[in-house]
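Here is how the chains run, residue by residue.
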Amino acid sequence: MADSVSREEVAVISNTDITSTESENNIINTMVERGTALLRKLEINVAEAEKRTGKNTVNMQETYTVYLIEIRPAETEGGTPAAPDTLWRRYSEFELLRTYLLVTYPYIIIPPLPEKRAEFVWHKLSADNLDPDFVERRRVGLENFLLRVASHPVLSNDKIFFLFLTEEKGWRDAVLETGFQDKADSRLKSLSAMFRVKNPDKRFTALKQYSDELNSVISQLLRIRARVADRLYGVYKVHGNYGRVFSEWSAIEKEMGDGLQSAGHHMDTYAASIDDILEEEEHFADQLKEYLFYTDAVRSVCRKHELIQYELEMAAQDLAQKKQQKEELATGTVRIFSLKGMTSKLFGQESPEQKESRLAALEQSIQEGEETVKEKNTECQEFVRAAWDDIEHFKEQRDKDLREALISYAIMQISMCKKVWTFILVCILCMYINS
Amino acid sequence: MSGHTVPADFSEHMLDLDEDEDLEVFTKNTSLPDGSPLPNSPSSMVNQYRLEDDDEGKEDANTKDIFVTVDHPESQVTAIETFILYRVVTRTTRSDFDSSEYEVRRRYQDFVWLRSKLEEKHPTLIVHPLPEKFVMKGMVERFNDDFIETRRRALHRFLNKISEHPILSYSQHFQVFLTAQDLAPHRKQGPGFLSRMGETVRAVANSVRGLRSRPEEFAVMQEYVDDFSNKMCCMDKVSQRIIKEQREYVDDLKQYSPTYARWGELEEELTEPLKGVASCVVQCSKEAEEHIQHLSEVLVPALHEYVLCAETLKAVMRRRDNIQAEFEAKNEALLTRKAEQEALQEEVDVLADRMEQANNSLKGDWVRWQHSMKTDLRSAFISAAEKNVEYYEKCLAVWESFLVSQRAEAGGGQEDVA
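Residues numbered from 1 in each chain as written. Chains lettered and ligands numbered in written order. Predicted model: local features only at pLDDT ≥ 70, side-chain atom pairs only at ≥ 80, totals over all residues. Heavy atoms only, no water.

(A) Focus on the overall build of chain A. In terms of helices and strands, chain A carries twelve helices and three strands. Burial status across chain A gives 52% buried among its 435 residues. Sequence-distant contacts in chain A: of pairs separated by 6 or more residues, those separated by 24 or more amount to 76%. Of the roughly 21,000 Å² of accessible surface on chain A, 51% is carried by carbon and sulfur atoms. (Helix = DSSP H or I, 4+ residues; strand = E, 2+ residues; numbered from the N terminus. Buried < 20%, exposed > 50% of the residue type's maximum accessible area, 1.4 Å probe, protein only. Contact = heavy atoms within 4.5 Å. Areas by Shrake-Rupley, 256 points an atom, 1.4 Å probe, with all protein chains shown as cover.)

Set out below in structure tokens:
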């Protein structure tokens, strides 16, 4: 597919005969153009898919698909392309990689994987994971994922990612050794926790809202698309009935017979053309789905920020409370109710030694608290800076990708119109000619 | 077709178009097999062929000497009932008409009267059918505008078919129908209900006895009529189904545009192309609705008309059979009964003549009807297909203008549009 990497400016798609493959290449070229160090060195493809059978973790036979990743050193001038290094990966390994990235770079919007199961299907499309069309679209999606990671200024430098591309056997151990799974558990907990931030960052709030709404809009589009595809399929197939009746009718007519026969034949071809048309539309649906899944990643970054913000606020609150306590203890006044204060009131004052030791403990605590707050503050600021950098990068990419997707959707509609009216035209000519 | 310039091998070329690649080649060809350039617009290509076709039609139009129109349906309310009156305008140069222009008002029942008179006088001629009485199944209200318009068109076609018929158009009843201000006195004359009953009884009696044998050509005809009737019913059903499916498709398609518009509001850079797509969908839906409208106004009535024609043909074949049966019955009587030979012989001769006349009428009219049927149906299908092509042309234009606007936005990378 992306056999040669183009260094040219990405031209606006204006060739209306462009196929979906070429359109994909344009998007890939966009990513490659960003020129990360990794992509300057390597060309990455997901070239093939293959079925395998093996024993799974509970020792049962299962059939699964593996995908061939090809790595080539980037093309040098005049040189013949070197033979690629290859390795096979299955979908679950991609998932593992992605989880690792999610945990390790919580401030980055991690590119999504193609869907695990076929969603938003219209009736004919197989929801079976082993269906060849589904596998093919998944292959494309996985390649897309790898290229997105490889073209990301931060993610492309990750060692585990590099090993994923180069180390077939040892990769799994390397990932597990990073210990990311412990962080994974706490991350999951934090994402599902309910907490309220006192001073939310308006930018992140707006972003989360945008992301939720985008999710809803794209879901709706995909649902409508499935219904429309179903209806259109029905229309074309009923025309197939026309074809049949025309042919039968031609058998009883003497003069019009040939014309009807030909027209009937073309009507059948017209009816059959719907499969290709809907398959091409599937490509657009996949582009929408990618951004649908991106909204989850965006949401995840926003939530992580909220968590950090919350922790900062908690630490600050905690510190303030301790300072308050110290002041009370030092001055002897009880402004805030505390059990200690009450008991000392009830059971008599404590001794000066006790008071001293308590003050010292508080002082220690306060110092630690101040450290914590400083750390959390830095963490928060760092997070915001890094995240916002990535968000700008994401927005730019989104605008470019979706604009191109809409354009190629229009091109596809045009080519469909041309294809279809050609069929009808031929039917008409049949009727004129043979009578 | 006379004068056609497309060579015979064109059809073979078309039958090879099974693979997509071949089709691509076809569309990328810059000329037709006969050398003329492939036009960018498919409609213009069709028109090219259409013009040649029309020339044939024009010849007939030049020899036409009577023109009838049915229009201006108006509701009439009396104490007893409400009905629709249609205006029937006739323009003619025929000498057997006193004037050259007539305008009368007729209701549906008047048309029914005319048709039954024509069938009575010419039992084995193929008299074009009338639109149905009142269709319950579609839940159509009798005075619904669409129903009235559909009926008006069908009545117009009916009178035109009669006026184009070489025999029927000279019928006295036809003339009276077109010219008499008040049809009521004429409707009371002539063999009425009772005589029609008598004929029916005789026909039933004869058919019980059954036909000795049908002449070969009429047997073939009968078979054709049965098959044709079948095919027309299928066509009718398929066409109605297509319209239904397309209506549902358009209803769902329309839902795209508010969703795209909603998305446009969420975005900044993408607002413009998203709203563009929303607008494209709206326009394409409109075109689709127009296309569906045309189908239901042109193709469906044409097909339905020939479903009714098929029934007419069956009735004609039955009547012809009855005439033959009557003759055979009398003839048998002549052969078996020894008394009344002379009287019977006379009757047999009369019936024999009647049968021969009936058969000849039918044979002659059959050829005329077949030709007319082919023209009508071909024209209906071609018209529907043309409208279909137009629909795709318009949609294509909608999306192309969207692309142009996007290119203008981007400003860079100019390449020629293929």
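(B) Region of interest: the side chain of A:Gln309. Residues and elements named next belong to chain A. As for its placement among the helices and strands, Gln309 is situated in helix 10 (residues 274-331). Residue class for Gln309 comes out buried when judged on its relative accessible area of 13%. Residues in contact with Gln309, not counting those within four places in the same chain, are Val197, Asn199 and Cys380.

(C) Examining the pairing of strand 1 (residues 66-77) of chain B more closely. Residues and elements named next belong to chain B. Where strand 1 and strand 2 (residues 82-92) come together, ten bridges link them in antiparallel fashion. For Ser75, the partnering residue across the bridge sits in strand 2 and is Ile84. The turn joining strand 1 and strand 2, which pair antiparallel and follow one another in sequence, is formed by four residues. (Pairing = 2+ DSSP bridges.)

(D) Main features of the packing of helix 3 (residues 91-104) of chain A against helix 5 (residues 159-166) of chain A. All names here are of chain A. It is the contact of helix 3 with helix 5, at a shortest axis distance of 10 Å, that shows an interaxial angle of 170 degrees. Accordingly, the angle class assigned to the pair helix 3 and helix 5 is roughly antiparallel. Residue-level contacts link Glu93, Phe94, Leu97 and Tyr100 of helix 3 to Ile160, Phe161 and Phe164 of helix 5. Its residues placed into classes, the contact of helix 3 with helix 5 shows six nonpolar, no polar and one charged. (Axes fitted to C-alpha atoms, helices over the stretch in contact; angles between N-to-C directions. Parallel < 35°, antiparallel > 145°, perpendicular 65-115°, else oblique. Nonpolar A, V, L, I, M, F, W, Y, C, P; charged D, E, K, R; others polar.)

(E) Highlighting the environment of B:Phe134. Tracing the backbone through its elements, the reader meets B:Phe134 in the loop between helix 4 (108-121) and helix 5 (145-164). With relative accessibility at 36%, the residue B:Phe134 sits in the partly exposed group.

(F) Inspection of the sheet that holds strand 1 (residues 42-55) of chain A at higher detail. Residues and elements named next belong to chain A. In spatial order, the strands read 1-2-3; together these three strands make up an open sheet with antiparallel pairing. Looking at which strands have only one partner, the edges of the open sheet turn out to be strand 1 and strand 3 (85-90). Here the strands of the sheet are splayed against their neighbours by 25 degrees on average, with no regard to which way each runs. Bridging between strand 2 (residues 61-73) and strand 3 involves six bridges; their strand directions are antiparallel. Each residue of the ladder has a partner; that of Glu70, found in strand 3, is Thr86. Packing of helix 4 (residues 132-150) onto the sheet brings it into contact with strand 1 and strand 2, and relative to strand 1 it is tilted by some 135 degrees. In this fold helix 5 packs onto strand 1, strand 2 and strand 3, with an angle of close to 105 degrees to the strand it touches most, strand 3.

(G) Structural detail: the packing of aromatic side chains. Scanning all chains against the criterion turns up 30 aromatic pairs over all chains. Ring geometry for A:Tyr291 versus A:Tyr294: centroids 5.0 Å apart, planes at 35 degrees, classification tilted. Of this pair, A:Tyr291 and A:Tyr294 are both found in helix 10, three residues apart, which corresponds to roughly one turn of the helix. Like A:Tyr291, the residue A:Tyr294 is buried in the burial classification. One aromatic cluster is present, built from ring pairs that chain together A:Tyr242, A:Phe246, A:Trp249, B:Tyr224, B:Phe228, B:Tyr306, B:Trp366, B:Trp369 and B:Phe381. (Phe/Tyr/Trp six-rings, centres within 6.5 Å; stacked < 30°, edge-to-face > 60°.)

(H) Representation of the sheet that holds strand 3 (residues 101-107) of chain B in the model. All names here are of chain B. Strand order across the open sheet formed by three strands is 1-2-3, with antiparallel pairing between neighbours. Two strands close off the open sheet at either side, each with one partner strand: strand 1 and strand 3. With strand direction ignored, the average angle separating the axes of adjacent strands in the sheet is 20 degrees. Along the sheet face, helix 4 touches strand 1, strand 2 and strand 3 and points at about 105 degrees away from the line of strand 3.

(I) The arrangement of the pattern of salt bridges in detail. Enumeration over the complete set of coordinates arrives at 64 salt bridges over all chains. The salt bridge involving B:Arg115 is made with B:Glu119; its shortest N-O contact spans 3.5 Å. Here B:Arg115 and its partner B:Glu119 are both found in helix 4, four residues apart, which amounts to about one turn of the helix. Of the two residues examined, B:Arg115 and B:Glu119, each falls in the buried class. Here B:Asp321 makes a salt bridge to B:Arg320, at a shortest N to O gap of 2.8 Å. Just as B:Asp321 is buried, B:Arg320 falls in that class too. Residues participating in the shared-partner salt-bridge network are A:Glu115, A:Arg137, A:Arg225, A:Glu281, A:Glu282, A:Asp286 and A:Lys289. (Salt bridge = Lys/Arg side-chain N within 4 Å of Asp/Glu carboxyl O.)

(J) Up close: the nonpolar core. Counting 134 residues, the largest nonpolar core has A:Tyr242, A:Trp249, B:Phe228, B:Tyr260, B:Trp263, B:Trp369 and B:Tyr392 as its most contacted members. Per element, the largest residue contribution to this core is 31 residues, and it comes from helix 12 (residues 352-433) of chain A. If we skip the residues at most four places from it in the chain, B:Trp369 touches B:Ile126, B:Tyr224, B:Phe228, B:Tyr306, B:Cys309 and B:Leu313. Counting 39 residues, the second largest nonpolar core, distinct from the first, contains A:Tyr67, A:Leu101, A:Leu142 and A:Phe164. (Core = buried A, V, L, I, M, F, W, Y, C linked by side-chain atoms within 4.5 Å.)

(K) The arrangement of the pairing of strand 2 of chain A in detail. All names here are of chain A. One ladder, built from 13 bridges, connects strand 1 with strand 2; its direction is antiparallel. Paired with Ile44 across the strands is Ile71, a residue of strand 2. Counting the residues between successive antiparallel strands, the hairpin from strand 1 to strand 2 contains five residues, one of them, Asn59, with a positive phi of roughly 60 degrees.

(L) Broad picture of unusual backbone geometry. The backbone of A:Asn59 shows a phi angle near 60 degrees, a positive value even though the residue is not glycine. Locating A:Asn59 in the fold gives a position in the loop between strand 1 and strand 2.

(M) Region of the structure containing helix 8 (residues 202-252) of chain A. Given a rise of 1.5 Å per residue, 51 residues ought to cover 75 Å, and the 76 Å separating the end C-alpha atoms of helix 8 of chain A matches this to within 8%. Put simply, A:Asp201 is the residue that caps the front of helix 8 of chain A, since its side-chain oxygen is 2.9 Å from the backbone nitrogen of A:Arg203. (Expected span 1.5 Å × (residues − 1). Polar contact = N/O pair within 3.5 Å; in protein donor to acceptor, adjacent residues only side chain to side chain.)

(N) Fine view of the environment of B:Ile80. By secondary structure assignment, the location of B:Ile80 is in the loop between strand 1 and strand 2. Separated by 217 residues in the primary sequence, B:Ile80 and B:Glu297 place their C-alpha atoms 33 Å from one another.

(O) Quick peek at the domain arrangement of chain B. Residues and elements named next belong to chain B. Splitting chain B by domain gives domain 1 (66-185) and domain 2 (216-406). On a C-alpha basis, the centroid separation for the pair domain 1 and domain 2 is 21 Å. Here domain 1 meets domain 2 over a buried area of about 1,700 Å², counting both sides, of which 54% is carbon and sulfur. The tally of links between domain 1 and domain 2 comes to five salt bridges. Residue Asp376 is joined to Lys161 by a salt bridge in which the shortest nitrogen-to-oxygen separation is 2.5 Å. Applying the counting rule to domain 1 against domain 2 returns 13 residue pairs in polar contact (both at pLDDT 80 or more). Mapped onto the side of domain 1 that touches domain 2, the elements with two or more residues apiece are helix 4 and helix 5. Ranked by the residues each element gives to the side of domain 1 that touches domain 2, the list is headed by helix 5, at three residues. Along the lines of polarity and charge, the residues of the side of domain 1 that touches domain 2 split into eight nonpolar, three polar and six charged. (Domains from an automatic or database assignment. Buried area = accessible area lost by both parts, 1.4 Å probe.)

(P) How the structure looks around the packing of helix 10 (residues 256-266) of chain B against helix 11 (residues 271-336) of chain B. All names here are of chain B. Interaxial distance between helix 10 and helix 11 falls to 8 Å at its minimum, and their mutual angle equals 170 degrees. In this view, helix 10 runs roughly antiparallel relative to helix 11, as classed from their interaxial angle. Only Thr271, Leu274, Lys275, Val277, Ala278, Val281 and Val282 of helix 11 make contact with helix 10, whose side of the interface consists of Tyr256, Ser257, Tyr260, Ala261, Trp263, Gly264 and Glu265. Grouping the constituent residues of the contact of helix 10 with helix 11 by class yields nine nonpolar, three polar and two charged.

(Q) View of the confidence of the model for chain A. Residues and elements named next belong to chain A. With 84% of its residues at a pLDDT of 70 or more, chain A has an overall mean of 83. When the elements of chain A are averaged for pLDDT, helix 1 (residues 20-33) gives the smallest value, 54, and helix 3 the largest, 93. Under a pLDDT of 50 for its full length, residues 1-18 has, in the predicted model, 54 contacts with residues more than four places off or in other chains. (pLDDT = per-residue confidence, 0-100.)

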